[in-house]
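Structural overview for review
Below are the chains, spelled out letter by letter.
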Amino acid sequence: FYFLGVIVGDDMNKKEIERKDNAARDAMRYATKAIEIDSTNADAQITYAQTLALINGVDIGINYLLNLSKKYSYSLEYKVALGDMYRSEDRFTQSKEIYERVVDLDPKNKKAWLGLGESYKALALNEKALSAFLSAAILDPSDGEALFQAGKLYFETNIRKSRK
């Protein structure tokens, strides 16, 4: 079977593939309409880039976000979305570099700190990951995600150490 031009396993039936294909195309239409209404709307632009990545391949979405990052260099939202897209594709070195630039420019960007922590963790830079998660937690103590990730990493790291 094909889903947006990709061969998928037999476990997905034709109706499911068609439903997902239609949902992706609907998302593209809605994102395009939102951009027509307000081309400076970052959420609409990011949704469009994510939909481009889904339909046409991740590199197309990444290029779109790179162009937005250059065009709107003052807006860190596009850079964070670019880091997120790299991270979703397991391109952790690139995502780390993007998030590091964002937190250098805006040390209060919790989403960038979380992404940076995830990137560091994937690259086995556990001390840096823990520091990034704690930085995010300090910015918003009511958000449990950063504390959960910090605690989970601390636990995993200490379990490995105690087994040695």
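This structure is a prediction, so every number in the text was calculated from the model and none was measured. (Residues numbered from 1 in each chain as written. Predicted model: local features only at pLDDT ≥ 70, side-chain atom pairs only at ≥ 80, totals over all residues. Heavy atoms only, no water.)

Moving on to the packing of aromatic side chains. According to the stated counting rule, one finds three aromatic pairs in the structure shown. Summarising the aromatic geometry, the rings of Tyr72 and Tyr74 are spaced 6.0 Å apart at their centres and angled 85 degrees between planes, so their arrangement reads as edge-to-face. The class for Tyr72 is buried, based on a relative accessible area of 11%. Relative accessible area serves as the criterion here: at 65%, Tyr74 is assigned to the exposed category. Here a set of aromatic residues connected by ring pairs shows up, and it is made of Tyr72, Tyr74 and Tyr78. (Phe/Tyr/Trp six-rings, centres within 6.5 Å; stacked < 30°, edge-to-face > 60°. Buried < 20%, exposed > 50% of the residue type's maximum accessible area, 1.4 Å probe, protein only.)

The biggest cluster of nonpolar side chains holds 18 residues, and the ones touching the most others in it are Ala112, Trp113, Leu116 and Phe133. Only helix H4 (76-88), helix H5 (92-105), helix H6 (110-122), helix H7 (126-139) and helix H8 (144-163) provide two or more residues apiece to this core. With residues up to four places along the chain from it excluded, the contact list for Ala112 reads Val80, Tyr99, Val102 and Val103. Counting residues in hydrophobic clusters, the runner-up holds 15 residues, among them Ala42, Ala53, Tyr78 and Leu82. (Core = buried A, V, L, I, M, F, W, Y, C linked by side-chain atoms within 4.5 Å. Helix = DSSP H or I, 4+ residues; strand = E, 2+ residues; numbered from the N terminus. Contact = heavy atoms within 4.5 Å.)

Another aspect to go through is the confidence of the model for the chain. Averaged over every residue, the pLDDT of the chain is 89; the share at 70 or more is 90%. Here strand E1 (residues 2-3) is the element of the chain with the lowest mean pLDDT, 46, and H5 is the one with the highest, 98. (pLDDT = per-residue confidence, 0-100.)

Moving on, we come to the pattern of salt bridges. Within this structure, the stated rule accounts for 12 salt bridges. The shortest N-O distance in the salt bridge between Asp26 and Arg29 comes to 2.0 Å. Residue Asp26 and its partner Arg29 are both found in helix H1 (residues 14-37); the two are separated by three residues, about one turn of the helix. For Asp26, a relative accessible area of 27% gives the class partly exposed. One salt bridge connects Lys110 with Asp140, and the closest N-O pair in it is separated by 3.4 Å. (Salt bridge = Lys/Arg side-chain N within 4 Å of Asp/Glu carboxyl O.)

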